[in-house]
Amino acid sequence: MPFRYFIKQLLLPPGILLLLLLAAWWLRRSRPRLAGVCFAIGFGGMWLMSLPVVVQWGAKALEREPPLARGEWATLAQRADAIVVLGSGRERGDLAWGEDQPTGVGLERQRYAARLAKASGLPILTTGGLHYGTPPTEAKLMADSLRDDFGVTVRWQEGESRTTWENAKFTADILLPQGIKRVVIVTQAWHMPRSVWSFQQAGFEVVPAPVGFLGTDNARPFGGWLPEFKSIWQSGQLLNEAVGQVGYSLFYR
């Protein structure tokens, strides 16, 4: 798992762009023209990824599911039987807490799921397996946080999955035998199309409940044309998702 993750991070931006900048430095004397090309692509790619306006444009292309109207929260039990919160990794060994914690993205999903659960009365399932083989599972981290931070008890924990496809597959193993086929999926708006597709393939009827939209007005100075470090991370997430959507359409038919 760590090696596969390392290769993935290296081959996708910004990793590949940093490799091009390194290649430009290495080739600057022996092959200056090639070094110039590598530098232009690497630097130009990093600059584009750092722009909030590029994040906004990229997110708009991925965020195809509309937000769940607030007026629909209380009536969700008419359309679904459970809420599924998808995992998003973990923060390792946070010194303030003395143990691993859910990521900021995960907390955003948990908060939204908790509000939906309180409004609708629907039970929650959390998903996510081990990272680097270290317990507890991501599903348990989120379940504990939902209980302690948001006052919501999680009914089921799916603690084996490592991918969105496995989120759906192993959730199906838990819920379908209990006759639960209609689920509300809570995840980031840019991640929702792939999540909906995966859960539908696993046999579910899905009510999308996207959160964390990035394709809205970025509200930055000069319309988002000034670089920001945060945008590099967000651009990387969007590029990873775009690759994931293509990969799922090719390999999980």
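A brief report on the enclosed structure follows. The written sequence of each chain sets the order in which its residues are numbered from 1. Thresholds applied to this predicted model are a pLDDT of at least 70 for local features of residues and 80 or more for the giving and counting of side-chain atom pairs; totals over whole chains, interfaces and linings are not thresholded and use all residues. Hydrogens and water molecules were not included; the side-chain quantities draw on all heavy atoms of the structure.

### Overview of the pairing of strand β3 (residues 99-102)
- Bridging between strand β2 (residues 90-94) and β3 involves 3 bridges; their strand directions are antiparallel. Note on β3: the bridge partner recorded for E91 is Q101.
- Being paired, for any two strands, means DSSP has found at least two bridges between them. Helical segments are the DSSP runs of H or I of at least four residues, strand segments are the runs of E of at least two, and each set is numbered from the N terminus. Between the end of β2 and the start of β3, which pair antiparallel, lie 4 residues, with G98 showing a positive phi angle near 75°.

### Observations concerning the nonpolar core
- Residue types Ala, Val, Leu, Ile, Met, Phe, Trp, Tyr and Cys, when buried and joined through side-chain atoms within 4.5 Å, form a set referred to as a nonpolar core. When a residue's accessible area, from a 1.4 Å probe over protein chains only, is under 20% of the maximum for its type it is buried; when over 50% it is exposed; and in between it is partly exposed. The biggest cluster of nonpolar side chains holds 24 residues, and the ones touching the most others in it are L68, I83, Y112, L116, I124, V184 and V186.
- Sorting the residues of this core by element identifies β1 (82-85), α5 (104-120), α6 (138-150), β6 (182-188) and β7 (205-211) as the ones contributing at least two each.
- Broken down by element, the residue count for this core peaks at 5 residues, all from α5.
- Residue contacts are counted whenever heavy atoms from the two residues lie within 4.5 Å of one another. Not counting residues within four places of it along the chain, the set of residues in contact with Y112 comprises L68, W73, V186, A209, P210 and V211.
- Core analysis: the next-biggest nonpolar cluster, separate from the first, contains 16 residues, L125, A168, L175 and M192 among them.

### Quick word on the environment of T127
- Structurally, T127 is set in strand β4 (residues 124-127).
- Separated by 15 residues in sequence, T127 and M142 have C-alpha atoms that sit 8.3 Å apart.
- Discounting residues that sit within four places of it in the chain, T127 has contacts with V84, V85, L86, G87, E138, A139, M142, E158, S161, N167 and T171.
- In protein, a polar contact requires one atom able to donate a hydrogen and another able to accept it; more generally it is a pair of N or O atoms within 3.5 Å, and residues adjacent in sequence count only if both atoms are side-chain atoms. Polar side-chain contacts of T127 include one of 3.2 Å to the backbone nitrogen of G87.

### Section: the side chain of Q245
- Position of Q245 among the secondary structure elements: in helix α9 (residues 229-251).
- Discounting residues that sit within four places of it in the chain, Q245 has contacts with L62, R64, W190, P193 and R194.

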